[in-house]
Amino acid sequence: MDFNKIFQNNQLWIAEKLAADPHYFETLAKGQTPEFLYIGCSDSRVTAEDLMGLQPGEVFIHRNIANQVVPTDNNVNAVIQYAVEHLKVKHIIVCGHYECGGVKAALHPSDMGQLNSWLQTLRDVRRLHRQELEAIDDKTKLFDRLVELNVLEQCTNIIKIDHVQRAWYKTGYPKIHGWVFDVRTGKLIDLKLNMEKEFGSIRHIYDLKPLEKQ
Ligand code: CO
């Protein structure tokens, strides 16, 4: 692909937007009030806004390899805190995807340099759900299930965060959702996780009991 084509594409995109609304960029420049925070994989095939049919300004986005929410990752923590406390998003979505290279790598241990530590939390997901995963013979089903369980665990990691719990106690928001994008069909699948129920079952371990509730 010609590198310069990107800038030609950009000119066409500007023209399209302005043809539909001459004040499009003026309005856009005024600020953002997205209702969703989307945490997804960096994979180039999983284009967040596109697959949701959303426009600029409608979704706050964080992407990393295999959509991880690692408690010591300053980046994801800052994104979540900003989204919850300042943008006051109503929904946080963790979106995994089938055929995820990161998940595949976690299924096939090998020395991958910098990726070793990054993939460790994914290997933890595999260990936590060992019993269920080791009972699956079919390789594709096993791969798909680890993608789904990874989404569940990352959603769980979100409800462990102090400021998420604080917001939750105060307003009942954000709601946490686990999705999977099927790159084989283009379909977006809601795993219909009940994170409030999940939290209920691990509350005695992770409830930080925000100060005002004590
Ligand atoms: Co991926």
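Residues numbered from 1 in each chain as written. Predicted model: local features only at pLDDT ≥ 70, side-chain atom pairs only at ≥ 80, totals over all residues. Heavy atoms only, no water.

Caption draft 1: Spotlight on the overall build of the protein chain. In terms of helices and strands, the protein chain carries 10 helices and 5 strands. Taken over the C-alpha atoms alone, the protein chain extends approximately 55 × 50 × 30 Å along its principal axes. The proportion of buried residues among the 214 residues of the protein chain is 39%. Accessible surface, the protein chain as shown: approximately 12800 Å² in total, 53% of it carbon and sulfur. With 26 positive and 28 negative side-chain charges, the protein chain shows a separation of 4 Å between the mean positions of the two kinds. (Helix = DSSP H or I, 4+ residues; strand = E, 2+ residues; numbered from the N terminus. Buried < 20%, exposed > 50% of the residue type's maximum accessible area, 1.4 Å probe, protein only. Areas by Shrake-Rupley, 256 points an atom, 1.4 Å probe, with all protein chains shown as cover. Lys, Arg positive; Asp, Glu negative; His and termini not counted. Charge placed at Lys NZ, Arg CZ, Asp CG, Glu CD.)

Caption draft 2: Representation of unusual backbone geometry in the model. Along the chain, Tyr-173 connects to Pro-174 via a cis peptide bond; the corresponding omega equals 5°. Note on placement: Pro-174 falls in the loop between α9 (162-171) and β4 (175-182). Located in the positive-phi region is Ala-66, a residue other than glycine, with phi close to 65°. Locating Ala-66 in the fold gives a position in the loop between β2 (59-64) and α4 (74-86). On the basis of relative accessibility, which here comes to 0%, the residue Ala-66 falls in the buried class. Phi is positive for Glu-99, which is not a glycine, with a value near 65°. Within the secondary structure, Glu-99 sits in the loop between β3 (91-97) and α5 (101-107).

Caption draft 3: Quick look at the packing of aromatic side chains. Going through the model one piece at a time under the given rule, you end up with 5 aromatic pairs. Seen from their ring centres, Phe-3 and Phe-7 are 6.4 Å apart, and the 55° between their planes marks the pair as tilted. Relative accessible area serves as the criterion here: at 60%, Phe-3 is assigned to the exposed category. Judged by relative accessible area, which is 53%, Phe-7 ranks as exposed. Ring geometry for Trp-168 against Phe-199: centres 5.4 Å apart, planes inclined by 45°, an arrangement best described as tilted. On the criterion of sequence distance, the pair formed by Trp-168 in helix α9 and Phe-199 in helix α10 (residues 195-206) is long-range, its members being 31 residues apart. Phe-199 carries the same exposure label as Trp-168, and that label is buried. Here a set of aromatic residues connected by ring pairs shows up, and it is made of Trp-13, Tyr-24 and Phe-25. Just above the ring of Tyr-173 sits the side chain of Lys-90; from NZ or CZ to the centre is 5.5 Å. (Phe/Tyr/Trp six-rings, centres within 6.5 Å; stacked < 30°, edge-to-face > 60°. Lys NZ or Arg CZ within 6 Å of the ring centre and 35° of its normal.)

Caption draft 4: Summary view of the pattern of salt bridges. Using the criterion set out here, one finds 10 salt bridges in the structure. For Asp-124, the salt bridge goes to Arg-127, with nearest N and O atoms at 3.5 Å. Here Asp-124 and its partner Arg-127 are both found in helix α6 (residues 115-128), 3 residues apart, which amounts to about one turn of the helix. Judged by its relative accessible area of 28%, Asp-124 falls in the partly exposed class. For Glu-148, the salt bridge is made with Arg-145, and the minimal N-O distance between the two is 2.8 Å. Note that Glu-148 and Arg-145 are positioned in helix α8 (residues 139-159) at a spacing of 3 residues, about one turn of the helix. Among the residues examined, Glu-148 registers a relative accessible area of 16% and is labelled buried. Among the residues examined, Arg-145 registers a relative accessible area of 27% and is labelled partly exposed. Each member of the salt-bridge network shares a partner with another, and the members are Glu-99, Asp-144 and Arg-184. (Salt bridge = Lys/Arg side-chain N within 4 Å of Asp/Glu carboxyl O.)

Caption draft 5: Layout of the pairing of β4. Counting buried residues in β4 gives 6 out of 8 residues, a clear majority hidden from the surface. Of the pairings in the sheet, the one linking β3 to β4 comprises 7 bridges and is parallel in character. Paired with His-91 across the strands is Lys-175, a residue of β4. For β4 and strand β5 (residues 187-190), the ladder comprises 4 bridges, and the chain directions are antiparallel. Along β5, the bridge assignment pairs Trp-179 with Asp-190. (Pairing = 2+ DSSP bridges.)

Caption draft 6: Quick peek at the domain arrangement of the protein chain. When cut into domains, the protein chain gives domain 1 (1-30) and domain 2 (33-209). Averaged C-alpha coordinates put domain 1 and domain 2 at centres separated by 31 Å. (Domains from an automatic or database assignment.)

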